[in-house]
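This is what each chain is made of:
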Amino acid sequence: PDGAHLTPETAAFTIGEALAAAIAGDSLLIAGGTDSILVYQERFTLPAGIALLGGYSLQAPAFTMRDSDVHQAEIDGSPSSEQDPGGTVITVAGGSGPETLIEGLRIRGGGPTIRGGGILASAASPTIRDNIIYLNSAGTTGGGGGSGIRLENGADAVIDGNSFINNTAVGASGTLHLVDSDPI
């Protein structure tokens, strides 16, 4: 809206900063490392109509080459201190449709939380494609679950080409947990 973060020179340093300037229809190009994984230590809510696209290069010309296998970008929601209780890495805003996109990212460190360690979509139907979702946790002895992804309340998401590795759940299903939802 104000022209913020439109060039490599004015790029946001965090995903949260970029999301604060984004409006529906925007695509956030997320840079990855070249010789190592570039880690974004944060948790956030993804607003409706925003696309998160990982795998872009920072090398000149920046943000023109995309290969999420080579330029790996990781969103790490691990607790940042003993006072941080943890939580879901990416919460998809209610009412989001398939144009709300999460693609080409590594998503880890969600939890401990009752519902949705990596990604939580409640009454939202985003597209979740070609991500590596790993080392997330969810659930309690009383239920919950969805350490990788949890879809609930009519979240009819498109889920395609994701890898799920070492996600753990207590008292409920692990990798993908569905409650009143019918993903594609």
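How each quantity is defined
Residues take numbers from 1 onward in each chain, read along the sequence in its written order. Thresholds applied to this predicted model are a pLDDT of at least 70 for local features of residues and 80 or more for the giving and counting of side-chain atom pairs; totals over whole chains, interfaces and linings are not thresholded and use all residues. With hydrogens and water excluded, all non-hydrogen atoms of the structure serve as input to the side-chain values. By definition, two strands form a pair when at least two bridges between them are found by DSSP. The secondary structure listing takes helices from DSSP runs of H or I that are at least 4 residues long and strands from runs of E that are at least 2 residues long, numbered from the N terminus. Here, axes are lines fitted to C-alpha atoms. For helices the fit covers the stretch in contact, and angles between N-to-C directions go from 0 to 180 degrees.

## As for the sheet that holds strand β10 (residues 127-129)
(1) Moving on: Spatially, the five strands line up as an open sheet ordered β1-β4-β7-β10-β14, and their pairing is parallel. Every other strand in the sheet has two partners, leaving β1 (27-31) and β14 (158-160) as the edge strands with one partner each. Pairwise comparison of adjacent strand axes, ignoring direction, gives a mean angle of 15° for this sheet.
(2) Moving on: Here three bridges tie strand β7 (residues 101-103) to β10, and the two strands are oriented parallel to one another. Paired with Ile 102 across the strands is Ile 128, a residue of β10.

## Remarks on unusual backbone geometry
(1) Moving on: Between Gly 111 and Pro 112 the backbone carries a cis peptide bond, its omega angle lying at -10°.
(2) Moving on: For Pro 112, the location among the structural elements is in the loop between β8 (106-108) and β9 (119-122).
(3) Moving on: Phi at Leu 135 is positive, roughly 55°, even though this residue is not glycine.
(4) Moving on: The residue Asn 166 is not glycine, and still its phi comes out positive at about 50°.
(5) Moving on: Summarising the element assignment, Asn 166 is placed in the loop between β15 (163-165) and β16 (168-169).

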